[in-house]
Amino acid sequence: MIFLYPSTETKFASNGLGALDHDISDVEIAEEINGKYQLSFKYPLFGPHGQDIKPQMIVTAEDPQGNLQWFRIWQFSKSNGVITVTALHGTFDLNSNWIDDTNIVQKNGHDAMKQIQSMTLNPHPFVLDSDIQTVANARVVSMSPTQAIIDSSKGNTFISRWHGEIYRNWNSITMLARRGTDSGITLRYKKDILGYSADFDYTTIATVIKPMGANGFELPEKYVKSPNVAAYGEIVKEITYSDIKVRDPDSKTTDDSAVDEATASQMLRDKAQEEFDNGLDKPSSNFKVDLIALQNTKEYQDFPNLQIMKPWDTVHVDYEADGIDFSARMISYKWVPPIGDHKGYYSQIEIGNYIPKYTDVTTEQVNKVEDQVKETNDNLDQTNENLGQETEDRKTADTDADEKIKETNQKLQSQAEQAAEYNRRLSQQIQDARQAIYDVVNKNSNGPITLYGMDGQPLSGVGQISSIRWSQGTINSSGFYWGNNLVGDMYGNFYATNIVGNSIKGLEIIGGSISGGTISGNVTINTQGGRYNVVLSGSEGVSVTMGGGSTAIVAGRIVLNSGQLYEQDGNLYWGGTKLN
């Protein structure tokens, strides 16, 4: 379930201001590896908690691993009676804190995170930790704790010196050496996958690395080559590892981190190989896979552990229709958290670090493409032959007709744009009117309410009340509202999403459209001096009957009592007789 809490909530011992499940829509949690982690949703402004939702308030929801997380509302907008919310994970509150200056010297990941945790300007509830054993240095100056941990654009941050992958869970931030495992899960076409999009970037490949240490130290053999040289050719990249230092026997100073030349050379080789192991010698790629929410289908209700994926797991994708078969790590996801009786599910995952298992295009696919090209060329040859047999009259365009068609199309386009603009303004006026009615009711400025019994006398012992409220609405002396669909005030103004009845009587109906039924009697349609303001349309055509005669427009033909007027192949016909 998804609950709303005040901005100052810290204990979360109750359900806060209440559950949002019943009326919430478009809700999803989105996370990127070492990046954003947010919750977004929409909620009706006049829903039970529509007036409660404000910036800085807290919303809780369950993540893909079944853990409850809290999110603070940072972005908030209202439009046409709907609230749109973006809330960042609670640990993002650290971004509002500050570190003035702290020097982390020769510490592993755990100790470095603890130093960042303790050196903030203001106290906070967050616990920082890491399982990374690498020992490194970093001087953190004038940045938020969030920047100090995951801002890869700066050289003196945790992510730049110790590396790792962030795991945010409630009030804890842990930098892990690696998140996720290869769980062996395979997503298959038609079973799990609705569709996908794939982007490949070959500009990032390096199959030959020239690793450099501090002070220009390099390998005796200079280069380290990847086995993928055969696949992509020799693409050279120089990478400097400034933390690999060679001991100078003539130096008067001692650097404990410096090593002898043989050790430094092997460290450079290992670093280069690590780059290849991380995919530098392969195309960078991103696959976005839209998933089927099988968890909430009746057929799979007895399989609670269906395709359980955790963030940053390695996922296997088999999309037989396009010959796609690959394995890669999840690098971002969109998750619909559990709401009511519905289980949570991934709506989309993005995976990267492409690991090819077969050639990108199989021989079978090449043959299929070649057959399709040949078939297309044969069709084009036949089409050209047919075109060559056309008469010169069919090759020459009728300029006057084209101009008339163009002019008519422009008029129709203009009419459509005018109609769309009118509908937009009318919709806005309706929303404004509904809001104005609601404001009158919400102010409740017409005095208290006295409750009377069946005898016409005030109920004894009750006294006067301000309003009657329930989960969906309110009644007071200024009016009433029921959710987002029914609002009325003391001035006689009334809004309802749908009005159904046998008869509606009044002096004037102002609106965008009238559909269904019959308009009878002496009817006047006044366009108020405008042009093209009356549009008659129907899926089967339009018929107008006057004084015993009738005119209909059906499938592009004007049908009169005495015959039909229509166009065919650029010619005008009357009752089957060509007129031009």
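About the cut-offs
- Residues numbered from 1 in each chain as written.
- Predicted model: local features only at pLDDT ≥ 70, side-chain atom pairs only at ≥ 80, totals over all residues.
- Heavy atoms only, no water.
- Helix = DSSP H or I, 4+ residues; strand = E, 2+ residues; numbered from the N terminus.
- Buried < 20%, exposed > 50% of the residue type's maximum accessible area, 1.4 Å probe, protein only.
- Contact = heavy atoms within 4.5 Å.
- Salt bridge = Lys/Arg side-chain N within 4 Å of Asp/Glu carboxyl O.
- Pairing = 2+ DSSP bridges.
- Polar contact = N/O pair within 3.5 Å; in protein donor to acceptor, adjacent residues only side chain to side chain.
- Phe/Tyr/Trp six-rings, centres within 6.5 Å; stacked < 30°, edge-to-face > 60°.
- Axes fitted to C-alpha atoms, helices over the stretch in contact; angles between N-to-C directions.
- Arc of directions from axis to C-beta.

A. Highlighting the overall build of the chain. A tally of helices and strands in the chain yields eight helices and 34 strands. A burial count over the chain gives 32% of its 580 residues as buried. Within the chain, counting contacts between residues at least 6 apart in sequence, those at least 24 apart form 57% of the total.

B. Layout of the pattern of salt bridges. Under the counting rule described, the total for this entry stands at eleven salt bridges. The partner of D93 in a salt bridge is R72, and the shortest N-O contact between them spans 2.9 Å. With D93 in the loop between β7 (82–89) and β8 (99–107) and R72 in strand β6 (residues 68–79), the pair connects residues that are 21 residues apart, well separated along the chain. R72 sits in the buried class, given a relative accessible area of 10%. Counted as one network, the salt bridges with shared partners bring together E31, R168 and R179.

C. Structural view of the pairing of strand β11 (residues 165–169). Of all the five residues making up β11, four are buried; the element is thus mostly covered by neighbouring parts of the structure. Pairing between β11 and strand β12 (residues 172–176): five bridges, direction antiparallel. For N169, the partnering residue across the bridge sits in β12 and is S172. In this structure, the hairpin formed by β11 and β12 is closed by a connection of two residues, where W170 is found at a positive phi of approximately 55°.

D. Highlighting the side chain of Q115. Within the secondary structure layout, Q115 lies in helix α1 (residues 109–118). Since its relative accessible area comes to 12%, Q115 is described here as buried. Separated by 2.8 Å, the side chains of Q115 and T102 make a polar contact. Once residues lying within four places of it in the same chain are set aside, the contact partners of Q115 are T102, N103, I104 and K107.

E. Geometry of the packing of aromatic side chains. Summed over the entire model, instances satisfying the criterion amount to ten aromatic pairs. Plain terms: the ring middles of F158 and W162 are 5.1 Å apart, the flat faces sit at 20° to each other, and that makes the pair stacked. Seen in terms of ring centroids, Y333 and Y346 are 5.7 Å apart; in terms of plane orientation they differ by 85°. Their pairing is edge-to-face. Taken together, the residues Y333 in strand β20 (residues 324–336) and Y346 in strand β21 (residues 345–356) connect sequence positions 13 residues apart.

F. Seen up close, the sheet that holds strand β17 (residues 236–240). Strand order across the open sheet formed by three strands is β16-β15-β17, with mixed pairing between neighbours. Both outer strands of the open sheet, β16 (224–225) and β17, are each paired with one neighbouring strand and no more. Along the sheet face, helix α5 (residues 261–277) touches β15 (208–212), β16 and β17 and points at about 140° away from the line of β15.

G. Region of the structure containing α1. For α1, every residue scored as buried is listed here: G109, A112, M113, Q115 and I116. All buried residues of α1 lie within an arc of 160° about the axis, which places them on one face of the element. Those residues of α1 hidden inside the fold are in contact with β8, β9 (127–130), α2 (145–150), α3 (158–161) and β12. Capping the start of α1 is the job of one residue whose side-chain oxygen sits 3.3 Å from the backbone nitrogen of H110: N108.

H. Representation of the sheet that holds strand β28 (residues 494–496) in the model. Sheet architecture is open: five strands sit in the order β24-β25-β26-β27-β28, paired in antiparallel fashion. At either margin of the open sheet sits one strand with a lone partner, and together these are β24 (467–470) and β28. Between one strand axis and the next, the sheet turns through 10° on average, direction left out of account. Relative to strand β25 (residues 473–476), β24 is paired through four bridges, and the arrangement is antiparallel. Residue pairing in the sheet places R469 in a bridge with T474 of β25.

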